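Summary of the model geometry
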Amino acid sequence: MAQLDRALASGAKGRGFKSPQVRSILCLKECDLTMKMQYKKLIIIISVATLVLGFFILTLIPSSKGGENAAEAELTMNEYPEINALIAEYFTAKKSVDMDAFESIVSDVNQIDKAKFTAMAAYVEDYTNVNCYVIENSEGNGYRVYAKYDMKMKNIDTPAPCLSAFYVTSTSDNKYIIYLSALDEVQEDFILSADQNEAIIKLTTEVQKSLDEAINSDPTFRQLYQRMDREIKAASGSATSVSGASAY
């Protein structure tokens, strides 16, 4: 999970950054910011795990006037308990590929790539040490959420430092959900601007560095990642790296 792969619609299908080496530079360089991206696509959630093998993603959306403030906004950490709880539910559902659970926390469960998540679940034991960094959209009820966490692989002690980006909104009954539906122009501008925030770029770089160190110091860890990368690509029918073709 490494260069800002245009996936970031962290659960949406078909997005990601193109460099197979460092998908990081927001974000999902999934974040993994020199990337091309398509307009008006379902690109909201990204699962960014910075990996030299190409396991890092984040979503970029065309910018314009509306989201300028997000690039300069102050980043808050774990200051929205309900959003933290939502992201925790997401990772719990992801770990067991619980589509019923996903349905209650995302706007469009059809954007969840079940085949890809199932392939990942065969290798991932748990998602731990989750911290949520948030930038609020001043022009709407949306939040760009960057979840930094460790991905624990089965039978491997070395954790995989990861960064996933989500777009979170609230419903009419004030319930937070991960938004995977079509974006309007204001939302697109906000997301791109938030992803260009210097604090996010710095965070992405830190996660990438930590993952590089883990890969270089643990050959067994690296081999398992390579194997998982191949199987996830096969499951999704993608010719690009895991974090490049779609978000998770």
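A brief look at the structure comes next. (Residues numbered from 1 in each chain as written. Predicted model: local features only at pLDDT ≥ 70, side-chain atom pairs only at ≥ 80, totals over all residues. Heavy atoms only, no water.)

Moving on to the overall build of the chain. When helices and strands are counted, the chain shows seven helices and five strands. Order of helices (α) and strands (β) in the chain, N terminus to C terminus: β-α-α-α-β-β-β-β-α-α-α-α. In the form shown here, the chain has an accessible surface area of approximately 10100 Å², with 46% of it arising from carbon and sulfur atoms. (Helix = DSSP H or I, 4+ residues; strand = E, 2+ residues; numbered from the N terminus. Areas by Shrake-Rupley, 256 points an atom, 1.4 Å probe, with all protein chains shown as cover.)

Let us look at the sheet that holds strand S2 (residues 124–136). Taking strand neighbours across the sheet as the criterion, the five strands line up as S1-S2-S3-S4-S5 in an open arrangement whose pairing is antiparallel. Looking at the sheet topology across the chains shown, the edges are occupied by strand S1 (76–77) and strand S5 (176–178). Pairing between strand S4 (residues 160–170) and S5: three bridges, direction antiparallel. If you follow Thr169 over to S5, its bridge partner there is Ile177. Sitting on the sheet, helix H4 (residues 185–195) is in contact with S2, strand S3 (142–153) and S4, with an inclination near 50° to S3. (Pairing = 2+ DSSP bridges. Contact = heavy atoms within 4.5 Å. Axes fitted to C-alpha atoms, helices over the stretch in contact; angles between N-to-C directions.)

Evaluation of the coordinates by the stated rule reveals four salt bridges. A salt bridge links Lys152 to Glu125; the nearest nitrogen and oxygen atoms lie 3.5 Å apart. With Lys152 in strand S3 and Glu125 in strand S2, the pair connects residues that are 27 residues apart, well separated along the chain. Of the charged contacts in the structure, one is a salt bridge between Asp229 and Lys233, with a shortest N-O distance of 3.6 Å. Here Lys233 and Asp229 lie together in helix H6 (residues 219–236), a separation of four residues that amounts to about one turn. For Asp229, a relative accessible area of 7% gives the class buried. (Salt bridge = Lys/Arg side-chain N within 4 Å of Asp/Glu carboxyl O. Buried < 20%, exposed > 50% of the residue type's maximum accessible area, 1.4 Å probe, protein only.)

Compared with an ideal rise of 1.5 Å per residue, which puts 16 residues at 22 Å, helix H1 (residues 81–96) spans 23 Å between its outermost C-alpha atoms and is within 8% of the ideal. All of the buried residues along H1 are Ile83, Leu86, Ile87, Tyr90, Phe91, Ala93 and Lys94. Down the axis, H1 shows its buried residues gathered within 160° of arc, on one side only. What points out from H1, more than 90 degrees from its buried face, is the exposed set Pro81 and Glu82. If you follow the buried residues of H1, they end up packed against helix H2 (99–103), helix H3 (114–121), S2, S3, S4 and S5. (Expected span 1.5 Å × (residues − 1). Arc of directions from axis to C-beta.)

When you line up the elements, Gly140 lands in the loop between S2 and S3. As a C-alpha pair, Gly140 and Val186 span 46 residues in sequence and 8.4 Å in three-dimensional space.

Right, let's get into the packing of aromatic side chains. The full count for this structure, using the stated rule, is 13 aromatic pairs. Both rings, one in Tyr90 and one in Phe91, keep their centres 5.4 Å apart while their planes meet at 70°; by these two values the pair is edge-to-face. Of the residues examined, Tyr90 reaches a relative accessible area of 0% and is grouped as buried. Among the residues examined, Phe91 registers a relative accessible area of 4% and is labelled buried. Members of the aromatic cluster, each reached through a chain of ring pairs, are Tyr90, Phe91, Phe102, Phe117, Tyr127, Tyr149 and Phe166. (Phe/Tyr/Trp six-rings, centres within 6.5 Å; stacked < 30°, edge-to-face > 60°.)

Time to look at unusual backbone geometry. Of note in this structure, Val97 is not a glycine but carries a positive phi near 50°. By the secondary structure assignment, Val97 is in the loop between H1 and H2. Its relative accessible area of 14% is what places Val97 among the buried residues. Located in the positive-phi region is Asn155, a residue other than glycine, with phi close to 65°. Following the sequence through the fold, Asn155 ends up in the loop between S3 and S4. Classification of Asn155 as exposed rests on a relative accessible area of 78%.

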